[in-house]
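Observations on the three-dimensional arrangement
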Amino acid sequence: MQELDTHYANMLADHQRMLDEQAQKEEEQDSFKDRIATLLEENHPAELERLTGVDDTTCKKVVHQLYMENFNDPNCWHVEPSEDIWVIYGNNTDEWIDENGEYVGFDTKREAMKYIKETFK
């Protein structure tokens, strides 16, 4: 019986350790997200890797999260031509970055407008 109690106590301790690690990771992510938001006030997303020391894709995925939280209305975005593609720009921010941390270009203005409409339903 004591072995069973010990087994369950160890399982409970492991579970609690996992929960604590997850909570710490979420806190670190929130802190990093706040740092990115502050840096975006005066910097372009392309500069975030240099400013944070964190890889470019990770930084841009956080930018995407911030865009989805703070500019989640189709009216926050507009489409402009850029050389031979169409690009989505924020009215109060930079180019659109998708959930994969990548800039998105479109062959036509219509495709870009459709993307905005579908993204911000």
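As the structure is a prediction and not an experimental result, all values here were calculated from the model.

Calculation notes
- Residues numbered from 1 in each chain as written.
- Predicted model: local features only at pLDDT ≥ 70, side-chain atom pairs only at ≥ 80, totals over all residues.
- Heavy atoms only, no water.
- Pairing = 2+ DSSP bridges.
- Helix = DSSP H or I, 4+ residues; strand = E, 2+ residues; numbered from the N terminus.
- Contact = heavy atoms within 4.5 Å.
- Salt bridge = Lys/Arg side-chain N within 4 Å of Asp/Glu carboxyl O.
- Buried < 20%, exposed > 50% of the residue type's maximum accessible area, 1.4 Å probe, protein only.

**Observations concerning the sheet that holds strand β1 (residues 77-82)**
Spatial ordering of the open sheet is given by β1-β2-β3, a layout of three strands whose pairing is antiparallel. If you trace the sheet from one side to the other, it starts and ends with β1 and β3 (105-106), each paired once. As paired strands, β1 and strand β2 (residues 85-90) are joined by six bridges and run antiparallel to one another. Looking across to β2, one finds that Pro-81 is bridged to Trp-86.

**Examining the environment of Glu-102**
As for its position among the elements, Glu-102 is in the loop between β2 and β3. In this structure, the C-alpha to C-alpha distance between Glu-102 and Asp-14, residues 88 residues apart in sequence, is 37 Å. Setting aside residues up to four positions removed in sequence, Glu-102 forms contacts with Trp-96 and Ile-97.

**Considerations on the pattern of salt bridges**
Any two side chains of opposite charge can pair if their charged atoms end up close together. One pass over the full model with this rule turns up four salt bridges. The salt bridge partner of Lys-33 is Glu-69, with a shortest N-O separation of 2.3 Å. Of this pair, Lys-33 sits in helix α1 (residues 2-40) while Glu-69 is found in helix α3 (residues 56-70), placing the two residues 36 residues apart along the sequence. Residue class for Lys-33 comes out buried when judged on its relative accessible area of 16%. For Glu-69, a relative accessible area of 44% corresponds to the partly exposed category. Here Glu-118 makes a salt bridge to Lys-114, at a shortest N to O gap of 3.9 Å. Within this pair, Glu-118 and its partner Lys-114 are both found in helix α4 (residues 109-119), separated by four residues, close to a single helical turn.

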